[in-house]
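Fold and geometry: a report
One letter stands for each residue in the lines below.
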Amino acid sequence: MTKKQREEIGLKYNSRCAYCGDELQHGWHIDHIEPIIRNWTKGTCQKPENDIVENYNPACPSCNIQKNNFTVEQFRAKIKQFINSLNLYSNQYKIAKKYGLVIETEIEVKFHFELLEK
Ligand SMILES: [Zn+2]
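Let us look at the structure shown here. Owing to the predicted nature of the structure, the values given are computational and were not obtained by experimental measurement.

Turning our attention to the overall build of the protein chain. Looking only at helices and strands, the protein chain features five helices and four strands. Going residue by residue from the N terminus, the α and β elements of the protein chain occur as α-β-β-β-β-α-α-α-α. In terms of its C-alpha atoms, the protein chain occupies a principal-axis envelope of roughly 50 × 35 × 25 Å. In the protein chain, which comprises 118 residues, the share counted as buried stands at 30%. Of the contacts made within the protein chain by residues no fewer than 6 positions apart, 60% connect residues no fewer than 24 positions apart. Here the protein chain displays about 8,500 Å² of accessible surface, and carbon together with sulfur accounts for 54% of that area. The positive charge centre, built from 17 side chains, and the negative charge centre, built from 15, are 6 Å apart in the protein chain.

Turning to the coordination of the zinc ion, a few remarks are in order. Coordination of the zinc ion by the protein is provided by Cys 17 (SG), Cys 20 (SG), Cys 60 (SG) and Cys 63 (SG), with metal-donor distances spanning 2.3 to 2.4 Å. The coordination sphere of the zinc ion comprises four donor atoms, whose angles at the metal cover 102 to 115°; the geometry is tetrahedral. Written as a sequence motif, the donor arrangement for the zinc ion is C-x2-C-x39-C-x2-C. Taken together, the residues span a long stretch of sequence, with Cys 20 in the loop between helix 1 (3–10) and strand 1 (29–32) and Cys 63 in helix 2 (residues 61–67) at a distance of 43 residues.

An ideal rise of 1.5 Å per residue puts 26 Å on 18 residues; helix 3 (residues 72–89) measures up with 26 Å between its terminal C-alpha atoms. If you look at helix 3, its biggest bend is around 25°, right at Gln 81. Listing the buried residues of helix 3 in full gives Val 72, Phe 75 and Arg 76. Where helix 3 is buried, its residues contact helix 2 and helix 5 (112–117).

It is worth spelling out the packing of aromatic side chains at this point. Aromatic rings in a pair are described by how distant their centres are and how their planes are angled relative to each other. Following the criterion strictly, the structure yields six aromatic pairs and no others. Aromatic pair Phe 75 and Phe 111: ring centres 5.3 Å apart, planes at 5°, arrangement stacked. One end of the pair, Phe 75, is in helix 3; the other, Phe 111, is in the loop between helix 4 (91–98) and helix 5, and 36 residues separate them in sequence. Accessibility assignment for this pair places Phe 75 and Phe 111 in one class, buried. Measuring from ring centre to ring centre gives 6.2 Å for Phe 111 and Phe 113, while their planes differ by 5°; the resulting arrangement is stacked. The same class applies to Phe 111 as to Phe 113, namely buried. One aromatic cluster is present, formed by Tyr 13, Tyr 19, Phe 75, Phe 111 and Phe 113 through successive ring pairs. Across the ring face of Trp 28, the terminal group of Arg 6 is positioned such that the distance to the ring centre comes to 3.9 Å.

All right, on to the nonpolar core then. Counting 17 residues, the largest nonpolar core has Cys 17, Tyr 19, Cys 63, Val 72, Phe 111 and Phe 113 as the members making the most contacts within it. Looking at this core, the elements with two or more residues in it are strand 4 (56–59) and helix 3.

The subject of this paragraph is the packing of helix 3 against helix 4. Between helix 3 and helix 4, the shortest axis-to-axis distance is 6 Å and the interhelical angle comes to 95°. Relative to helix 4, the element helix 3 is oriented roughly perpendicular. For the pair formed by helix 3 and helix 4, the contact residues are Ile 83, Leu 86, Asn 87, Leu 88 and Tyr 89 on the first element and Asn 91, Tyr 93, Lys 94 and Lys 97 on the second. The residue inventory of the contact of helix 3 with helix 4, partitioned by class, reads five nonpolar, two polar and two charged.

Cut-offs used in this document
- Residues numbered from 1 in each chain as written.
- Predicted model: local features only at pLDDT ≥ 70, side-chain atom pairs only at ≥ 80, totals over all residues.
- Heavy atoms only, no water.
- Helix = DSSP H or I, 4+ residues; strand = E, 2+ residues; numbered from the N terminus.
- Buried < 20%, exposed > 50% of the residue type's maximum accessible area, 1.4 Å probe, protein only.
- Contact = heavy atoms within 4.5 Å.
- Areas by Shrake-Rupley, 256 points an atom, 1.4 Å probe, with all protein chains shown as cover.
- Lys, Arg positive; Asp, Glu negative; His and termini not counted.
- Charge placed at Lys NZ, Arg CZ, Asp CG, Glu CD.
- Donors = N, O, S within 2.8 Å, 3.2 Å for Na, K, Ca; no water.
- Tetrahedral: all angles 85-135°; square planar, octahedral: opposite > 155°, others 65-115°.
- Expected span 1.5 Å × (residues − 1).
- Bend = angle between axes of the 7 residues up to and from the residue.
- Phe/Tyr/Trp six-rings, centres within 6.5 Å; stacked < 30°, edge-to-face > 60°.
- Lys NZ or Arg CZ within 6 Å of the ring centre and 35° of its normal.
- Core = buried A, V, L, I, M, F, W, Y, C linked by side-chain atoms within 4.5 Å.
- Axes fitted to C-alpha atoms, helices over the stretch in contact; angles between N-to-C directions.
- Parallel < 35°, antiparallel > 145°, perpendicular 65-115°, else oblique.
- Nonpolar A, V, L, I, M, F, W, Y, C, P; charged D, E, K, R; others polar.

Right, dumping it as structure tokens:
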């Protein structure tokens, strides 16, 4: 990939992460919207046909690492599950919730690129 191609991908959503909408920082990642499912040890991927420019989204490292080999819908479901994990495993979260510092909602997870499409 050329520097110019990377710059164009970065500008796809006005230099913001396609998912959370944070401004892209140095070292931002290129996400495959439809995953290519890498096998890092073998250096191969299951879906090389998805490694095309049209399938690239700019993403902050945090979103890209969490999305991993997931589709957009799988990623959305994973984020919704974070609340369950916090309630199960984080005493700090549970205490913050008890004291009203955290309020859970049933809002749907919407990605930055979806909000821009509206
Ligand atoms: Zn992000």
